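The residues making up each chain are set out below.
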Amino acid sequence: SINLISDEAVWKGYQKIGVDPEITQHYVPQGCYEPTLMGLEEPLICCSWISIPKAVEFAVNNGIDMLTGKEAGMLYSTDPSTYTDFYGRFLVQLDTIVNNIIRAVDLESEYMHLINPSPLYSGTFPSCIEKCRDIYNQGAIYSNTSLKLCGIGTTVDSLLIVKKFVYDEKRLTLQEFREILQNDWQGYEDLRIEILNEKKRYGNGLTEPDALARDIYAHLAALIVGRKNKIGGVYRLGADSVMHCVDHAAYVAATPDGRQARAMFSKNMCGVAGMERQGITAAMHSVLSVDTTNLVNAAVCDFIIHPSAVEGQRGMEAFSSLVRTYFS
């Protein structure tokens, strides 16, 4: 695979969390693709992942985990009467998940240098030597914490299905849809197939899904980016799932977009697999509708190209054009 990173987006992203442009130009990729200020920053690039589709589940089921029956989100006693109210509850559930994760990360990070002291790693940072501090005890100049988001395609598609079937066309009540999802679509295969054939899906360059993805990312960025952590730095945000679109999805019930319980949800910043039906240009439009400068910890759009598409001189010119268009 080939991994390409936009310097300009990284520079702007670092500026949003208070790093001088003269410093950000010297970043390097760490891990898979996460920007890091080498010798200056410990960004904890994989501190935790946030599965956005879980907030949809909580919004549909009034804060109750469908798979366990536990009270896990913000609890409500009645269903929302309008889609605006439903979407507002989704954001509340998302905030609840994020704040719970940050609370746990903050509690743990204060003890990190005791649980996992790293003298050899710390010795590679001049600031750790000067301060006589471990890298995980505010030894770095920038002691940041990075969270990652996953499942945007599944989330957007699910919200739009609820909007259409429950609130716009009133074909189902939210209670009826909730029972269908709790039963993992059993007995409603025709409805599931109809929903899977819906064309208004994220990843196709369509206005409404892309605007919804942009709003969700912006909401999360406002909650997380630049938020002070407990180790003298701030929170950074990324949007990649790696394998967690599979293993985190194992804890998410059936979702309104037609996905079955525990099945994989959308990966990275991509649409749901099989739902990106308008080609790579449309998929790029969807991803690029989002302000990626909020996602300094990685804003990953991945796609697979058949070797024949980039074969020979014409193929290389097409690939070069694709890359240049994406970054411009």
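Provided above is the structure to which this section pertains.
Throughout what follows, the structure given in this document is the object of discussion.

Conventions we followed
- Residues numbered from 1 in each chain as written.
- Predicted model: local features only at pLDDT ≥ 70, side-chain atom pairs only at ≥ 80, totals over all residues.
- Heavy atoms only, no water.
- Helix = DSSP H or I, 4+ residues; strand = E, 2+ residues; numbered from the N terminus.
- Rg over C-alpha atoms; globule rule 2.2 N^0.38 Å.
- Buried < 20%, exposed > 50% of the residue type's maximum accessible area, 1.4 Å probe, protein only.
- Contact = heavy atoms within 4.5 Å.
- Areas by Shrake-Rupley, 256 points an atom, 1.4 Å probe, with all protein chains shown as cover.
- Patch = residues over 30% accessible without salt bridge, like charges linked within 9 Å, V, L, I, M, F, W, Y side chains within 5 Å.
- Salt bridge = Lys/Arg side-chain N within 4 Å of Asp/Glu carboxyl O.
- Core = buried A, V, L, I, M, F, W, Y, C linked by side-chain atoms within 4.5 Å.
- Expected span 1.5 Å × (residues − 1).

## Section: the overall build of the protein chain
A count of helical and extended segments in the protein chain gives 15 helices and seven strands. Over its C-alpha atoms the protein chain spans a radius of gyration of 21 Å, differing by no more than 12% from the 20 Å that the globule rule assigns to 328 residues. Structurally, the protein chain occupies a C-alpha span of about 65 × 55 × 30 Å along its principal axes. For the protein chain, with 328 residues in total, the buried portion stands at 50%. Once local pairs closer than 6 in sequence are excluded, the contacts in the protein chain between residues at least 24 apart make up 68%. Put simply, the protein chain shows about 15600 Å² of open surface, and 55% of that area lies on carbon and sulfur atoms.

## Focus: a nonpolar patch on the surface
On the surface, Ile2, Leu4 and Phe327 cluster together into a nonpolar patch covering about 290 Å² of accessible area. As for its position among the elements, isoleucine 2 is in the segment before helix H1 (7-16). Using a relative accessible area of 65% as the deciding quantity, one classes isoleucine 2 as exposed.

## Looking at the nonpolar core
Among soluble globular proteins, nonpolar side chains are generally buried collectively. Counting residues in hydrophobic clusters, the biggest one holds 59 residues, and the most contacted among them are Phe86, Phe90, Leu159, Phe177 and Ile216. The element contributing the most residues to this core is helix H4 (residues 83-109), with 11 residues. Beyond its immediate sequence surroundings of up to four residues, phenylalanine 177 is in contact with Ile161, Val162, Val166, Leu172, Trp185, Ile195 and Pro256. The next biggest cluster of nonpolar side chains, apart from the first, holds nine residues, and it includes Val10, Tyr14, Val19 and Val296.

## Regarding the pattern of salt bridges
On inspection of all chains with the given rule, the structure shows 17 salt bridges. Note that glutamate 57 and lysine 54 form a salt bridge whose closest N and O atoms lie 3.0 Å from each other. Of this pair, glutamate 57 and lysine 54 both sit in helix H3 (residues 53-60), separated by three residues, roughly a single helical turn. Residue classification places glutamate 57 among the buried residues on the basis of a relative accessible area of 2%. What emerges from the salt-bridge pattern is a single network uniting Lys163, Asp168, Lys200 and Glu208.

## Examining helix H9 (residues 152-168)
Relative to the 24 Å expected for 17 residues at 1.5 Å per residue, H9 spans 22 Å between its end C-alpha atoms, a close match to the ideal helical length. Across the 17 residues that make up H9, a large majority, 14, are buried. Following H9 by one or two positions, lysine 170 adopts a phi angle in the positive range, close to 55°.

## Focus on the side chain of serine 143
Secondary-structure assignment places serine 143 in strand S5 (residues 142-143). Other than its neighbours up to four places away in sequence, serine 143 contacts Glu42, Gln138, Asn229, Ile231, Gly232, Gly233 and Val234.

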